[in-house]
Amino acid sequence: MKVFVRVPAALDNVMKRASEMHGRSHADELRIAMEIHATRSMLAALPDPAIQHQLGGEAAQFKRELQADLRTLEAQAYRRPTPTGILVPYAPDGRTTT
């Protein structure tokens, strides 16, 4: 599915810098940000009695799944950038230190 969204210039600049820093495309950076927001919004809405009623006995499992999804998304979004080029720091045993 494709979604077209107008992004304010300031946010667009932040997302461009983040995508460059993490070696992702601009579109991937925006997708990850939207997924994190949507997942957090769903978690915030879970205590609503109407939603609890709609989910029935599956509310606790749904919450655990959302929390796991959020951890995965955050790990992907906030991982340390992978250094490239000849100035990659190495540990004494030859592994990169980042």
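Within each chain, residue numbers correspond to sequence positions counted from 1 in written order. Whole-chain, interface and lining totals are the exception, using all residues; otherwise, since this is a predicted model, local features are given only for residues with pLDDT of at least 70 and side-chain atom pairs are given and counted only at 80 or more. The side-chain numbers reported here are obtained from all heavy atoms of the structure, hydrogens and water having been left aside.

A cluster of nonpolar side chains, namely M1, V3, V5 and M34, defines an oily patch on the protein surface of about 490 Å² accessible area. Going along the chain from the N terminus, every DSSP run of H or I of four or more residues is numbered as a helix, and every run of E of two or more is numbered as a strand. Following the sequence through the fold, V3 ends up in the segment before helix 1 (9-22). Distance thresholds for patches are 9 Å for like charges and 5 Å for nonpolar side chains (Val, Leu, Ile, Met, Phe, Trp, Tyr), applied to residues having over 30% relative accessible area and no salt bridge. We get accessible surface area from the Shrake-Rupley algorithm with a probe of 1.4 Å; when it comes to residues, only the shown protein chains can shield them. When a carboxyl oxygen of Asp or Glu lies within 4 Å of a side-chain nitrogen of Lys or Arg, that pair is called a salt bridge.

By secondary structure assignment, the location of T39 is in helix 2 (residues 26-45). Here the term buried applies to any residue with accessible area under 20% of the maximum for its type, exposed to any over 50%, and partly exposed to those in between, with areas from a 1.4 Å probe on protein chains only. Classification of T39 as buried rests on a relative accessible area of 7%. Note on definitions: a residue-residue contact is assigned when non-hydrogen atoms from the two residues lie within 4.5 Å. Dropping the residues within four chain positions of it, T39 is found in contact with L66, L70 and L73.

Moving on, we come to the pattern of salt bridges. Across all of its chains, the model carries 5 salt bridges by this definition. Between R31 and E35 there is a salt bridge, with its nearest N and O atoms 2.3 Å apart. Remark: E35 and R31 occur in helix 2; sequence separation between them is 4 residues, near one turn of the helix. Shared partners join several salt bridges into a network, and the residues in it are D28, R31 and E35.

As a further point, take the confidence of the model for the protein. Detailed reading of the predicted coordinates is not advisable wherever pLDDT falls low. For the protein, mean pLDDT is 83; residues scoring 70 or higher make up 81% of the total. Known as pLDDT, the predictor's confidence for each residue is given on a scale from 0 to 100. Summarising per-element confidence for the protein, the mean pLDDT is lowest in helix 1 (89) and highest in helix 2 (93).

Our next topic: helix 2. Each residue after the first adds 1.5 Å to the expected span of a helix. Counted at 1.5 Å a residue, the expected span for helix 2 with its 20 residues is 28 Å, and the 29 Å between its end C-alpha atoms agrees. The secondary structure elements touched by the buried residues of helix 2 are helix 1 and helix 4 (59-78).

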